[in-house]
Amino acid sequence: MKIVILDANTLGDDLDLGVFDTLGDVEVFGFTAPEVVVERIKDAHVIITNKVVLNESNLQHAKHIELICLTATGTNNVDKVYTNSRGIVVSNVVGYSTDSVAQHTFALLFYLYEKLAYYDNYVKSGTYVGDEIFTHFDRKFHELVGKTWGIIGLGNIGRKVATIAEAFGCKVIYYSTSGKNNQQAYEQVDFDTLLMTSDIISIHAPLNEDTDGLINDEAFEKMKATAVLLNLGRGRIVVEDDLCKALNQNQIAGAGLDVLEYEPINEDNPLLGIQDSTKLLITPHIAWASVEARKRVVDEVKENIASYKVGKPRNQVMK
């Protein structure tokens, strides 16, 4: 069985991909440009990838392909209509990043909420040397106890965030973008109520027709001026031009983003003009990427292949 890994760089260079050697003849590529996909997959039985687009135009040349293993939960880079028509099994990984993303959610929140960039710079700039008192109060911050934390997307990650937020004394409410989610443990509210009453709003929803552009000008106008927005879902859920305007006009207090509409970020993205890290914090889609989470991805993909080889496909994606 020939196994081809098309974009190993998306997993980092600190993981042992040799674990796949027991399953077949493995060929590893750090990155694969669209124009060389056909050449690299033409003799493969198994493809392992994160972001490489696989569809009829390239898969039709892979006559031996049986299994596509995604090193992510999202599957929109694979044409499932075509793979289903050929009987190619597509497997993904789920649940591997819950703890990592929840942790990063609070890392973003606290960095913004306690104005840590300002205070760190205050000390390291030397301004604190010889200050007349032992502390400094210029940038005010508040406790989380008693605040309302609104969650958009109460799946595994959203529920983990809710549990932690409750431990800090927050009241947790949530909005179901599909209208089908009913979690008895937390109060479900309509979208306007979540916007108007939340002190912190964190997004953990997928991108679909219900969430595309959900947080826009109209939404920002309804949010508290003291609110902090955190997007750990998908970039296009937040309209970036509208967010830039809301931050510059102080419609909200701050935003923390780990996802963007285009990744890597476009050089003309208006958010790059906001250099104040007490107002806007952006990380390069790393919330999922703790060492432990990335190792779980590798272990899960290995198990997906091993299970397929004995006729018991797991984590199979049909649509």
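Residues numbered from 1 in each chain as written. Predicted model: local features only at pLDDT ≥ 70, side-chain atom pairs only at ≥ 80, totals over all residues. Heavy atoms only, no water.

Enquirer: Help me understand the overall build of the protein, please; the structure alone is not making it clear to me.
Expert: The helix and strand inventory of the protein stands at ten helices and twelve strands. Counting only C-alpha atoms, the protein reaches 70 × 50 × 35 Å along its principal axes. When each of the 319 residues of the protein is scored for burial, the buried share is 46%. Nonlocal contacts in the protein, meaning residues at least 24 apart in sequence, comprise 63% of its contacts between residues at least 6 apart. Split by element, the accessible area of the protein, about 15,900 Å² in all, is 50% carbon and sulfur. Separation of charge centres in the protein, based on 30 positive and 44 negative side chains, amounts to 5 Å. (Helix = DSSP H or I, 4+ residues; strand = E, 2+ residues; numbered from the N terminus. Buried < 20%, exposed > 50% of the residue type's maximum accessible area, 1.4 Å probe, protein only. Contact = heavy atoms within 4.5 Å. Areas by Shrake-Rupley, 256 points an atom, 1.4 Å probe, with all protein chains shown as cover. Lys, Arg positive; Asp, Glu negative; His and termini not counted. Charge placed at Lys NZ, Arg CZ, Asp CG, Glu CD.)

Enquirer: Could you clarify how one ought to interpret the UniProt feature "domain: D-isomer specific 2-hydroxyacid dehydrogenase NAD-binding" (unreviewed entry) in the protein in this entry?
Expert: UniProt records the feature "domain: D-isomer specific 2-hydroxyacid dehydrogenase NAD-binding" (unreviewed entry) at residues 106-287, using the numbering of this structure. As annotated, residues 106-287 has a helix share of 28% and a strand share of 15%, and its two end C-alpha atoms lie 10 Å apart. (UniProt positions renumbered as here; feature names shortened; annotations may be inferred.)

Enquirer: I tried to follow the UniProt feature "domain: D-isomer specific 2-hydroxyacid dehydrogenase catalytic" (unreviewed entry) in the protein on my own but got confused; where do I start?
Expert: This chain's UniProt record puts "domain: D-isomer specific 2-hydroxyacid dehydrogenase catalytic" (unreviewed entry) on residues 17-317. Helix makes up 31% of residues 17-317 and strand 14%, whereas the separation of the span's terminal C-alpha atoms amounts to 23 Å.

Enquirer: Would you mind showing me how to read the side chain of T98 here?
Expert: By the element assignment, T98 lies in helix α4 (residues 98-113). If we skip the residues at most four places from it in the chain, T98 touches N156, I157 and K160.

Enquirer: What is the right way to read the nonpolar core from this model?
Expert: Considering soluble globular proteins, one finds that nonpolar side chains tend to be buried as a cluster. Core analysis: the largest hydrophobic core is formed by 47 residues, its most contacted members being F20, I48, W149, L230 and I305. If you look at the next biggest cluster of nonpolar residues, it comprises 30 residues, including I173, V238, A246 and L260. (Core = buried A, V, L, I, M, F, W, Y, C linked by side-chain atoms within 4.5 Å.)

Enquirer: Is there a simple way to think about the sheet that holds strand β11 (residues 254-257) in this case?
Expert: Two modes of strand pairing occur in sheets, parallel and antiparallel, and in both the strands are linked by backbone hydrogen bonds. With parallel pairing, the seven strands of this open sheet are ordered in space as β8-β7-β6-β9-β10-β11-β12. Strands with a single pairing partner mark the edges of an open sheet, and in this sheet they are β8 (187-188) and β12 (280-282). Along the sheet face, α4 touches β6 (148-152), β9 (200-203), β10 (228-231), β11 and β12 and points at about 150 degrees away from the line of β10. Of the strands in this sheet, β6, β7 (171-175) and β9 are in contact with helix α6 (residues 156-167), which crosses β6 at around 175 degrees. (Pairing = 2+ DSSP bridges. Axes fitted to C-alpha atoms, helices over the stretch in contact; angles between N-to-C directions.)

Enquirer: How do you make sense of the packing of α4 against α6 when you look at a structure like this?
Expert: Two quantities define a packed helix pair, namely the angle between the helix axes and the distance between the axes. Two numbers describe how α4 lies on α6: the axes approach to 9 Å, and their chain directions differ by 50 degrees. Classified by the angle their axes make, α4 and α6 are oblique. Once α4 is placed against α6, the crossing between them reads as right-handed. On α6, the residues that touch T98, D99, V101, A102, T105 and F106 of α4 are N156, I157, K160, V161, I164 and A165. Of the residues that constitute the contact of α4 with α6, the class distribution is seven nonpolar, three polar and two charged. (Parallel < 35°, antiparallel > 145°, perpendicular 65-115°, else oblique. Left-handed = near helix turned anticlockwise from the far one by under 90°. Nonpolar A, V, L, I, M, F, W, Y, C, P; charged D, E, K, R; others polar.)

Enquirer: Could you clarify how one ought to interpret the pairing of β10 in this entry?
Expert: Moving residue by residue along a regular strand, the side chains alternate between the two faces of the sheet. Residues V228 and L230 of β10 are buried on one face, and the alternating residues L229 and N231, pointing to the opposite face, are buried as well. Since β9 and β10 lie parallel, the crossover through helix α8 (residues 217-222) that links them has a hand, and here it is right-handed. Pairing of β10 with β11 involves four bridges; the strand directions are parallel. Within the sheet, the bridge partner assigned to V228 lies in β11 and is G254. Between the parallel elements β10 and β11, the chain passes through helix α9 (residues 240-248) in a crossover that is right-handed. (Right-handed = clockwise from strand over helix to strand, strands pointing away.)

Enquirer: How should I be thinking about the sheet that holds strand β5 (residues 89-91) in this particular structure?
Expert: Strand order across the open sheet formed by five strands is β2-β1-β3-β4-β5, with parallel pairing between neighbours. Of all strands in the sheet, those with a lone pairing partner are β2 (25-28) and β5, marking the two edges. In this sheet, neighbouring strand axes are inclined to one another by 15 degrees on average, regardless of whether the strands run parallel or antiparallel. Pairing between strand β1 (residues 2-5) and strand β3 (residues 46-49): three bridges, direction parallel. Following the sheet pairing, V4 is matched in β3 by I47.

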